[in-house]
Amino acid sequence: MARMNMIEAIRSAMDVKMSQDPDVLVFGEDVGFFGGVFRCTAGLQETHGLHRCFDTPISEGGIMGIAIGMAAAGLRPIAEIQFADYIYPGYDQIASEAARLRYRSNGEFTAPLTIRTPVGGGIYGGQTHSQSPEALFTHISGLKTIIPSNPYDAKGLLITAIEDNDPVLFLEPKRLYNGPFYGDPHAPAVNWSGHDLGEVPEGHYRVEFEKARKIADGDDLTILTYGTMVWVAQAAVNDLEVSADILDLRSLLPLDLESIAESVKKTGRCVILHEATKTSGFGAELMAQVQEHCFYSLEAPIERVTGWDTPYPHAQEWAYFPGPIRVKTAIRKVLEG
Amino acid sequence: MAQKLQGNAKLAKQKKIKTDQDDLTTLYRDMLLIRRFEEKAGQLYGMGQIAGFCHLYIGQEAVVVGMRHAMVEGDQMITSYRDHGHMLACGMSPRGVMAELTGRIGGYSKGKGGSMHMFSVEKKFYGGHGIVGAQVPIGAGLGFANKYLGNNAVSLAFFGDGAANQGQVYETFNMAELWDLPVIFVIENNQYAMGTSVERSSAETELYKRGISFGIEGVQVDGMNVLAVREAGLKAIKHARDGKGPMILEMKTYRYRGHSMSDPAKYRTRDEVKEMRGERDPIDAVKSRLLDEKWADLDSLKAIDKEIKEIVADSAEFALESPEPDPSELYTDVLVEV
């Protein structure tokens, strides 16, 4: 076992797969020579060669399209979009081509492509470097959407994504790259070296999709969350000293409905957390699923804690971010309800 | 528009290019298959047997047939939604294509793709894409894979004059030239993006020049002359196969029918269409040369026509008899089945 932060774990996943499979290629804006804006691809070009880890022009639509063609012709491309906020010019290719090739080709063609992109706020990026657009992608059938919350899962899930024969969108919560974030921007930074999930095998391992990770085990309520908010949830639960199941969903599509239903039927109360805006966010889907599957077990209305329905603000970043205070308020409300 | 085409000295007369009896007869037959297939598709559409969108290739047959005869085994083709001709030229079965048009289980995509969305791994045909211009970067990705795998294949990305104004086409030009990808961009300039003429949509109407700022060589070709198309295709494909990177071929062509079946065609005059059909038809041109050279007579041409009509009639019969997909097919092939 090695100690890795999430950047190193993600890099290690790509390194392992590039070593195993000559068809795996890594490319994107500044990923080669520069090593990636967050350093996730640092050293891959030196190790695996200029022909396997390379820079592209700033052309997100073109990057996606070229990656799909490569994948349809038998390669396993990993395309990086430097920030999820830049993905929109490539959205047409992802939604209309990558996700649908199989359906409209009678299963003959698919796009075994992995799209990596950093999401979320917490680094004062403002509205074009902080977004969490996961719900725009979970709305698309034929595409898998994955979001890890720690180094161990990040590496195992990314390896599974690269090996998957369908297109996978792999969202990386950038606030978690260096350490868990418990929601207080003024607290001293914590890094992954002191955390169990910062222990990462150096070689190959998979973390399967469609399986939530139980971060905490409890009876009073269920918290459904993913990405950065996993750790904010843990901080809130610890502060309140309540007994909660915290489910880190990890795989949004496909979704581990079984674990969700099992937990909510046990606790009868549910809080949903995400950083993205509320309206039509992924939390709305989770609420609907819980309602459909656990209606007769619910003791209180489900609560959602999310970003506000505004662009991600710069100066008011922490007013937007659904921090521990808002999470605790919601927990109290469902416990009293 | 027709006047403009004729006014172009290079295009005014069909250039006479060396060929022989077998060669020209094959080209004639391939073009005629597309023409008759499309006429039948139009007929079935009129009868309500084909639903939704249906973009016919009539008038443009020389482009895909000429290019197909410049390709070798292993080369790939990808195109937009006006794709029936490309599939037939690739050797895909007329039955499978027609049954996809009628939305039946015997279609290439089990009826789930429809007119615009069909593929064949075997024939290296990568679709059939309904989003204008979206196939262009994918075509370059095929070229990338060829180069990376060292398989010596060249990818042909077809798109229209309308798609030539899409942003992602230029992102693709840049990357294709930057990385010397073996891809040929075939612009089928049929003069109209739906109802908007090239003059009304494009600041530079000579589309073969669109690669200049990327250093991509472009050539304008008489797309109504199948031999000229093949000649240009052979040169361009050799250029790409020799590792010299992409080329652009602008095929000046013309579609006789509407953009799709629901097109009232108010953006052009009947006379314009009539003139193109009467004086520039790619199949008539080959036919008259076959007769002039005494490589065919009216009887032998009639025999070919009969044979093709039978193939097309058989495809239509199959397409009407093949069952509709079972409701359980709705959920197949969304993801890789585990």
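About the thresholds
Residues numbered from 1 in each chain as written. Chains lettered and ligands numbered in written order. Predicted model: local features only at pLDDT ≥ 70, side-chain atom pairs only at ≥ 80, totals over all residues. Heavy atoms only, no water. Contact = heavy atoms within 4.5 Å. Buried area = accessible area lost by both parts, 1.4 Å probe. Salt bridge = Lys/Arg side-chain N within 4 Å of Asp/Glu carboxyl O. Polar contact = N/O pair within 3.5 Å; in protein donor to acceptor, adjacent residues only side chain to side chain. Helix = DSSP H or I, 4+ residues; strand = E, 2+ residues; numbered from the N terminus. Nonpolar A, V, L, I, M, F, W, Y, C, P; charged D, E, K, R; others polar. Pairing = 2+ DSSP bridges. Axes fitted to C-alpha atoms, helices over the stretch in contact; angles between N-to-C directions. Phe/Tyr/Trp six-rings, centres within 6.5 Å; stacked < 30°, edge-to-face > 60°. Buried < 20%, exposed > 50% of the residue type's maximum accessible area, 1.4 Å probe, protein only. Lys NZ or Arg CZ within 6 Å of the ring centre and 35° of its normal. pLDDT = per-residue confidence, 0-100. Domains from an automatic or database assignment.

### Quick notes on the interface of chain A and chain B
Where the parts come together, the accessible area they lose is often given as the size of the interface.
Point 1. Counting from both sides, the interface comprises 42 residues of chain A and, opposite them, 39 residues of chain B.
Point 2. Carbon and sulfur atoms supply 67% of the area that chain A and chain B bury against each other, a total of about 3300 Å² over both sides.
Point 3. Considering only the surface of chain A that becomes buried against chain B, Ile66, Tyr103 and Arg104 of chain A emerge as the three largest contributors, covering 23% of it.
Point 4. Scanning the region where chain A abuts chain B turns up zero salt bridges.
Point 5. In this structure, the connection of chain A to chain B is made through 15 residue pairs in polar contact (both at pLDDT 80 or more).
Point 6. Mapped onto the side of chain A that touches chain B, the elements with two or more residues apiece are β3 (53-55), α3 (60-72), α4 (91-98) and α5 (101-104) of chain A.
Point 7. Per-element accounting of the side of chain A that touches chain B gives the leading share, ten residues, to α3 of chain A.
Point 8. Of the residues that constitute the side of chain A that touches chain B, the class distribution is 16 nonpolar, 15 polar and eleven charged.

### Points about the sheet that holds strand β10 (residues 221-225) of chain A
All names here are of chain A.
Point 1. Overall, mixed pairing links the five strands, which are arranged β9-β11-β10-β13-β14 in an open sheet. Sheet topology places β9 (213-216) and β14 (303-307) at the edges, where each strand pairs with a single neighbour. In this sheet, adjacent strand axes meet at a mean angle of 25° when their direction is disregarded.
Point 2. Relative to strand β13 (residues 270-277), β10 runs parallel, the two sharing three bridges. Within β13, the position partnered with Leu224 by the bridge is Ile272.

### A short note on the packing of aromatic side chains
Point 1. Taken as a whole and judged by the stated rule, the model has 27 aromatic pairs over all chains.
Point 2. Centre to centre, the rings of Phe27 of chain A and Phe54 of chain A are 5.2 Å apart; their planes meet at 10°, and the pair counts as stacked. Of this pair, Phe27 of chain A sits in strand β2 (residues 24-28) while Phe54 of chain A sits in strand β3; the two residues are 27 residues apart in sequence, bridging distant segments of the chain. Summarising the burial analysis for this pair, Phe27 of chain A and Phe54 of chain A share the class buried.
Point 3. Taken together, a centroid distance of 5.1 Å and an interplanar angle of 85° make the contact between Phe295 of chain A and Tyr296 of chain A edge-to-face.
Point 4. By relative accessible area, Tyr296 of chain A is classed as exposed at 80%.
Point 5. Each residue in the set Phe159, Tyr170, Phe173, Phe185 and Phe214 of chain B is aromatic and connected to the rest through ring pairs, giving one cluster.
Point 6. Stacked on the ring of Phe34 of chain A, the Lys or Arg Arg39 of chain A has its end atom at 5.6 Å from the ring centre.
Point 7. For the cation-ring pair, Arg175 of chain A lies above Phe181 of chain A, with the distance from its terminal atom to the ring centre recorded as 3.8 Å.

### Considering the confidence of the model for chain B
All names here are of chain B.
Point 1. Considering every residue of chain B, the mean pLDDT works out to 93; 96% of them sit at 70 or more.
Point 2. Note on residues 1-12: pLDDT under 50 across the span, and 25 contacts to partners over four residues away in sequence or across chains.
Point 3. We note a pTM of 0.90 for the whole complex and an ipTM of 0.84 for its interfaces.

### Details of the domain arrangement of chain A
Residues and elements named next belong to chain A.
Point 1. According to the domain assignment, chain A contains domain 1 (2-200) and domain 2 (213-336).
Point 2. For domain 1 and domain 2, the distance between their C-alpha centroids amounts to 25 Å.
Point 3. Taken together, the 36 residues of domain 1 in the interface contact 29 residues of domain 2.
Point 4. Overall, the association of domain 1 and domain 2 removes approximately 2600 Å² of surface from exposure, summing both partners, and the carbon and sulfur fraction of that is 63%.
Point 5. On the domain 1 side of the contact with domain 2, Tyr124, Ile147 and Tyr182 bury the most area, a combined 22% of that side's loss.
Point 6. Inspection of the region where domain 1 meets domain 2 yields two salt bridges.
Point 7. Here Arg250 and Asp153 are joined by a salt bridge, their closest N and O atoms 3.0 Å apart.

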